[in-house]
Amino acid sequence: MCYNKIKIEFLSKSQNESFARVAVAAFASQLDPTIDEITDVKTAVSEAVTNAIIHGYESEEEMVTIEAIIEGTQLTVIVSDLGKGIDNLELAMQPLYTSRPDLERSGMGFTVMETFMDSLEVKSDKGRGTSIIMKKIFNPLS
Amino acid sequence: MHLNFENNEDKLIVYMSGELDHHSAEEVRNIIDDRLERDNYNKLIMDFGEVTFMDSSGIGVVIGRYKKLHMRNGKVCVTNIKSSVKRVFELSGMFKIIMSYDDVNQAVNNI
């Protein structure tokens, strides 16, 4: 079975959102994805990284970590921050809920991740950070 | 993200090109709002034909302009929604309140 792994770290600056999603998409390209599959992954990664930058950290001086793992036809992406954590996870995951109405956010971040990936798991400790673990199985070209 | 503006009678048309994410959203909303205020438009057509990527930040931008113009009896619509951005729009349920047209001409004739 094919196994591969990358780990990248970058400052919590919004400029790095596009770098992060393109880097994961480039890594996932070895699974021969369709354009739709790659768009799904890029969008989900963009949401997770945006959350880490807006909600996890309050400054641009912190580090966001992404690990991506390929096992067979499955891609796992783990986006982690060491920020303030999520107060109420159940509430945060509800569609249209946003803790920052001042920022004109849509409250759709977790819903996008859940819909575009095959599974989503969120681990959050108050004051210690949040990890988003997303998996997607790619249909091999036959 | 690059923006091009055009006006057609009382309607402001904004052609967007590039990637619309949290990073670019702030600039996009500021530039569009400046234009809306400066010439006192209350009808806005947002063209997505050249938008190559959009996450839920884009929904925030469209809904934000909708709320703003709705308060002064204005209208917002979107045009040229391609498959790369369509799923995010559909997921948000936004098409229930904001009209989508195939192209700018259709939008100009309908809003």
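Residues numbered from 1 in each chain as written. Chains lettered and ligands numbered in written order. Predicted model: local features only at pLDDT ≥ 70, side-chain atom pairs only at ≥ 80, totals over all residues.

If you had to explain the overall build of chain A to someone new, which residues and values would you point to?
Looking only at helices and strands, chain A has 4 helices and 5 strands in total. Along chain A, helices (α) and strands (β) appear in the sequence β-α-α-β-β-α-α-β-β when read from the amino end. Computed over its C-alpha atoms, the radius of gyration of chain A comes to 15 Å, within 12% of the 14 Å expected for a compact globule of 142 residues. A buried classification covers 38% of the 142 residues belonging to chain A. (Helix = DSSP H or I, 4+ residues; strand = E, 2+ residues; numbered from the N terminus. Rg over C-alpha atoms; globule rule 2.2 N^0.38 Å. Buried ≥ 20, exposed ≤ 12 C-beta atoms within 10 Å, placed from the backbone.)

Quick rundown of the interface of chain B and chain A? Include the residues and the values.
The interface of chain B with chain A comprises 17 residues on the first partner and 19 residues on the second. Taken together, the elements giving at least two residues each to the side of chain B that touches chain A come down to α1 (22–38), α2 (56–70) and α3 (83–92) of chain B. It is α2 of chain B that provides the largest number of residues to the side of chain B that touches chain A, a total of 6 residues. Of the residues that constitute the side of chain B that touches chain A, the class distribution is 5 nonpolar, 8 polar and 4 charged. (Contact = placed C-beta atoms within 7 Å. Nonpolar A, V, L, I, M, F, W, Y, C, P; charged D, E, K, R; others polar.)

Quick rundown of the packing of helix α2 (residues 35–56) of chain A against helix α4 (residues 109–116) of chain A? Include the residues and the values.
Residue and element names in this part refer to chain A. The interhelical angle for the contact between α2 and α4, taken along N-to-C directions, is 150 degrees, at an axis separation of 9 Å. Taken together, the axes of α2 and α4 are roughly antiparallel relative to one another. Seen from above, α2 lies across α4 with left-handed handedness. From α2, D40, T43, A44, E47, A48, T50 and N51 reach across to α4, where they touch G109, V112, M113 and F116. (Axes fitted to C-alpha atoms, helices over the stretch in contact; angles between N-to-C directions. Parallel < 35°, antiparallel > 145°, perpendicular 65-115°, else oblique. Left-handed = near helix turned anticlockwise from the far one by under 90°.)

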